[in-house]
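# Reading the structure
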Amino acid sequence: GNDKNNQQQQQQQDDQDREPAEDSDNRSSNRLDSNNGSSSSSSNNNKISDTKESTEVESTRVEGGSIASTSMMLTQELQELKETLSQQQTRKQELQDLVLNEKGRAKESLELRNQVQDSASTTILHLSKAKERYNWLGLEYEKTGVEGEVRCIFSQIDPNEPERPFSCTVAINSRTDLFEVLHCEPSHLVAMDTLDLITNHMNEQDAQAALNFFVRSMRRAFQAHLEETRTPTRNQA
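Parameters and conventions
Residues numbered from 1 in each chain as written. Predicted model: local features only at pLDDT ≥ 70, side-chain atom pairs only at ≥ 80, totals over all residues. Heavy atoms only, no water. Helix = DSSP H or I, 4+ residues; strand = E, 2+ residues; numbered from the N terminus. Salt bridge = Lys/Arg side-chain N within 4 Å of Asp/Glu carboxyl O. Core = buried A, V, L, I, M, F, W, Y, C linked by side-chain atoms within 4.5 Å. Buried < 20%, exposed > 50% of the residue type's maximum accessible area, 1.4 Å probe, protein only. Contact = heavy atoms within 4.5 Å. Pairing = 2+ DSSP bridges. Axes fitted to C-alpha atoms, helices over the stretch in contact; angles between N-to-C directions. Arc of directions from axis to C-beta.

Moving on: unusual backbone geometry. Residue Glu185 is joined to Pro186 through a cis peptide bond whose omega torsion reads -5°. Considering the arrangement of structural elements, one finds Pro186 in the loop between β4 (179–185) and α2 (192–202). You will see that Gln156, though not glycine, has its phi angle at about 60°, which is positive. Take Gln156: it is sitting in the loop between β2 (149–154) and β3 (166–172).

Next up, the structure:
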């Protein structure tokens, strides 16, 4: 019976001795687990940190590329806008120049029209005065139907018959470009040497002066020769 009791006590003592050892083992195991957990957590944290930094770097790179691309696009758009503005300014200047040119042409056209109207009015006035003067002097012109020929018809020469016509045809020779007095009516009034003398003086002057000289000279010649033809009649009377 004593041996059995001794064995039980010894078993209890062994059990008590094993409990601290197990507790120590458990605590060591817990510490290892804790250390392993801490190490694993630290490693995970480091991985997360590295991933975060990598993500931030990638994000920064992407953002940088996006900003550079956007900046380039804005620069291109700005350049296009500048070119468009320059083209519009050039077109505007062209339109302004065109308007100025049109205004200048309109002004020139108006001035030219006014000049033409003034010239036409002056010409009509001169022609009217000339017609009145020629009617008073008794002079008319008519075409003969032959190119370069004009017949001058005089009146107011014969005092006894003021409306009596005296005519003379003048022409320009197509070969020599000189004036010629072709014939007169009545033909016997003016001698040929007188006509030749008048013609020579005409060809020494310009056209306008020559015609004026011709009209004055022929009127005087008609009057003089008409007076000569009537002088013997008065002497006989």
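Back to the text.
Attention now moves to the pattern of salt bridges. With the rule as written, the count across this model stands at four salt bridges. The salt bridge partner of Glu102 is Arg105, with a shortest N-O separation of 3.8 Å. Of the two residues, Glu102 and Arg105 both sit in helix α1 (residues 2–137), three residues apart, roughly one turn of that helix. In this structure, Glu142 engages Arg151 in a salt bridge whose closest nitrogen and oxygen atoms are separated by 2.6 Å.

With that settled, the discussion passes to the nonpolar core. Core analysis: the largest hydrophobic core is formed by 23 residues, its most contacted members being Phe154, Met202, Phe214, Met218 and Phe222. The dominant element in this core, judged by the number of residues it contributes, is helix α3 (residues 207–236), at eight residues. Not counting chain neighbours up to four residues away, the residues in contact with Phe214 comprise Cys152, Cys168, Val170, Val181, Ile198 and Met202.

The next thing to look at is the sheet that holds β4. Within the open sheet, the four strands sit side by side as β1-β2-β3-β4. Their pairing is antiparallel. Both outer strands of the open sheet, β1 (139–143) and β4, are each paired with one neighbouring strand and no more. Here the average twist between neighbouring strands, direction ignored, is 25°. In this structure, β3 lies alongside β4, joined through six bridges in antiparallel fashion. Pairing of Ala171 across the sheet is with Glu180, part of β4. α2 contacts β3 and β4 of the sheet and is inclined by roughly 150° relative to β4.

The next thing to look at is α2. Turning to α2, its buried residues number three or more, namely Leu195, Ile198, Thr199 and Met202. Seen end-on, α2 carries its buried residues on one side only, within an arc spanning 100°.

Of the pairings in the sheet, the one linking β1 to β2 comprises five bridges and is antiparallel in character. Residue pairing in the sheet places Glu140 in a bridge with Ile153 of β2. What sits between β1 and β2 in their antiparallel hairpin is a turn of five residues, with Gly145 showing a positive phi close to 95°. The pairing of β2 with β3 spans six bridges and is classified as antiparallel. Across the sheet, Cys152 pairs through a bridge with Cys168, a residue of β3.

So yeah, pure geometry; function would need other evidence.
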